[in-house]
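What follows is each chain in one-letter form.
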Amino acid sequence: MTKQEKLENLRKLIESNDVCRELKAQATQLVFGSGSTDARVVFIGEAPGKHEDATGEPFVGAAGKFLNEMLASVGLERQDIYITNIVKYRPPDNRDPLPEEKAEFWPYLLKQLSIIQPDIIVTLGRHSGQAFVQDLRISVDHGKAKRMSVTFTDKTVGGKRDDGVQGDDKEQSKTYEDTAKQAPESSTKQSASNLNSASSSAGGQVQMTFVILPLYHPAAALYNGALRQTLLEDFQIVPTLLNEIEKGE
Ligand code: URA
């Protein structure tokens, strides 16, 4: 099965499992994610807004335009990357996604990532960052890459329904290792062989290893010149990390 087919099955599973039933009832459609299924970088935002809800595509509004600008500043286009959100239905009135909504979508996000197998996961904003790094303080931790490993039980294997998975954080473990900001010699040392990997065992245990880079949310920077500059600067770390990983440093 191709990655595209696996992702399509996952999309159908989210719909048939009625994930976040109440949000689904109020939203126009599921905003699953878009971009290259072979992307080395996956960007993860919070939740769809008005434009995303209308089009079914993530980051197509004002924040998305700024994101496109930042991608262009490092020589990337939308088709080079994959982009999705923690919560995949628009919350009413653009309110913040609730903890239980993030928890319900979490196993599906992990599954989505394990299919794509990116080298780097860029979280956009606090909600997305804290899903991976619980004690993340965005004002302190933005732009600091960490190597990370996540283990989870994939209960979607074998086409089974996913009922038991939702919000089930107990079987999932995360480990982090600091990597230095913009320090090629230390940031991904001895990591290349582990990177971009997602291995599954017979019991559906999946282990993924990647580098996580928490950034501010582009919407927060739209009307704040200083934050905009910070985000643009932090973004420059993406090609540096890609190069290091490519070279196996
Ligand atoms: N903000 C997000 O977090 N995600 C989107 O898809 C759009 C705006």
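For clarity, every value in this text was computed on a predicted model and none was experimentally measured. (Residues numbered from 1 in each chain as written. Predicted model: local features only at pLDDT ≥ 70, side-chain atom pairs only at ≥ 80, totals over all residues.)

Engineer: Run through unusual backbone geometry, naming residues and quoting values.
Structural biologist: Phi angles above zero are rare outside glycine, and aspartate 18 is one such case at about 55°. Structurally, the position occupied by aspartate 18 is in the loop between helix H1 (3-16) and helix H2 (21-26). By the C-beta count within 10 Å, which is 11 here, aspartate 18 ends up exposed. Look at phenylalanine 59: it is not a glycine, yet its phi comes out positive at around 50°. Here phenylalanine 59 lies in the loop between helix H3 (50-55) and helix H4 (62-73). Among the residues examined, phenylalanine 59 registers 27 C-beta atoms within 10 Å and is labelled buried. (Helix = DSSP H or I, 4+ residues; strand = E, 2+ residues; numbered from the N terminus. Buried ≥ 20, exposed ≤ 12 C-beta atoms within 10 Å, placed from the backbone.)

Engineer: Pulling in residues and values, what's your account of the site of the ligand?
Structural biologist: Taken together, the neighbourhood of the ligand is formed by Gly45, Glu46, Ala47, Pro48, Gly49, Glu52, Pro58, Phe59, Gly61, Ala63, Asn85 and Ala219. Looking at the shell around the ligand residue by residue, the classes come out as six nonpolar, four polar and two charged. (Near = placed C-beta within 6 Å. Nonpolar A, V, L, I, M, F, W, Y, C, P; charged D, E, K, R; others polar.)

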